[in-house]
Amino acid sequence: MKASDYFKKTFVFVFVFSLVYRIVFQLFDGFDSYSLKFFLKTLFVSTLTALILGILNYFLKIGFIKKSKKNNNK
């Protein structure tokens, strides 16, 4: 796998996880606390976190998501 593939997979996984986690966690406070500021802050923090971890994985090449290869013997 190329180094850019490690970055892409890490970035997408961390971004989606962080975004969903923050939104679900905010649900416990109620819908009143949702605002444009909350969404912008959440998007910024999720993007920054995913970018940092993606860059680290670009150099470290840790494969935490692996495809399983299946042999189709007929």
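These figures come from a predicted structure and were not determined experimentally.

Participant: Just checking my understanding: could you explain the packing of aromatic side chains for this structure?
Facilitator: Each aromatic ring pair is specified by the distance between its two centres and by the angle formed by the two planes. Applying the stated criterion across every chain, the model contains ten aromatic pairs. When the ring of Tyr21 is compared with that of Phe25, the centres are 5.9 Å apart and the planes differ by 15°; the resulting orientation is stacked. Placement of both Tyr21 and Phe25 in helix α1 (residues 3-27) is noted, with a separation of four residues, approximately one turn of the helix. Classification of Phe25 as exposed rests on a relative accessible area of 51%. Summarising the aromatic geometry, the rings of Tyr34 and Phe39 are spaced 5.7 Å apart at their centres and angled 25° between planes, so their arrangement reads as stacked. Judged by relative accessible area, which is 19%, Tyr34 ranks as buried. Assessed through its relative accessible area of 37%, Phe39 is described here as partly exposed. Pairwise contacts between aromatic rings join Phe13, Phe17, Tyr21, Phe25 and Phe28 into one cluster.

Participant: I keep staring at the environment of Gly54 and nothing clicks. Help me out?
Facilitator: Looking at where Gly54 falls in the secondary structure, it is placed in helix α2 (residues 36-60). Once the C-alpha coordinates of Gly54 and Thr10 are considered, the two residues, 44 residues apart in sequence, prove to be 5.1 Å apart. Not counting the four nearest positions on each side in its chain, Gly54 is found in contact with Phe7 and Thr10.

Participant: Sorry, what's going on with α2 here?
Facilitator: Look at α2: 36 Å from first C-alpha to last across 25 residues, which is about the 36 Å you get at 1.5 Å a residue. Every buried residue of α2 is accounted for by Phe38, Thr42, Ser46, Ala50, Gly54 and Asn57. Turning to α2, the residues buried within the fold contact α1. A positive backbone phi angle near 55° is found at Lys61, which sits one or two residues after α2.

Rules of the game
- Residues numbered from 1 in each chain as written.
- Predicted model: local features only at pLDDT ≥ 70, side-chain atom pairs only at ≥ 80, totals over all residues.
- Heavy atoms only, no water.
- Phe/Tyr/Trp six-rings, centres within 6.5 Å; stacked < 30°, edge-to-face > 60°.
- Helix = DSSP H or I, 4+ residues; strand = E, 2+ residues; numbered from the N terminus.
- Buried < 20%, exposed > 50% of the residue type's maximum accessible area, 1.4 Å probe, protein only.
- Contact = heavy atoms within 4.5 Å.
- Expected span 1.5 Å × (residues − 1).

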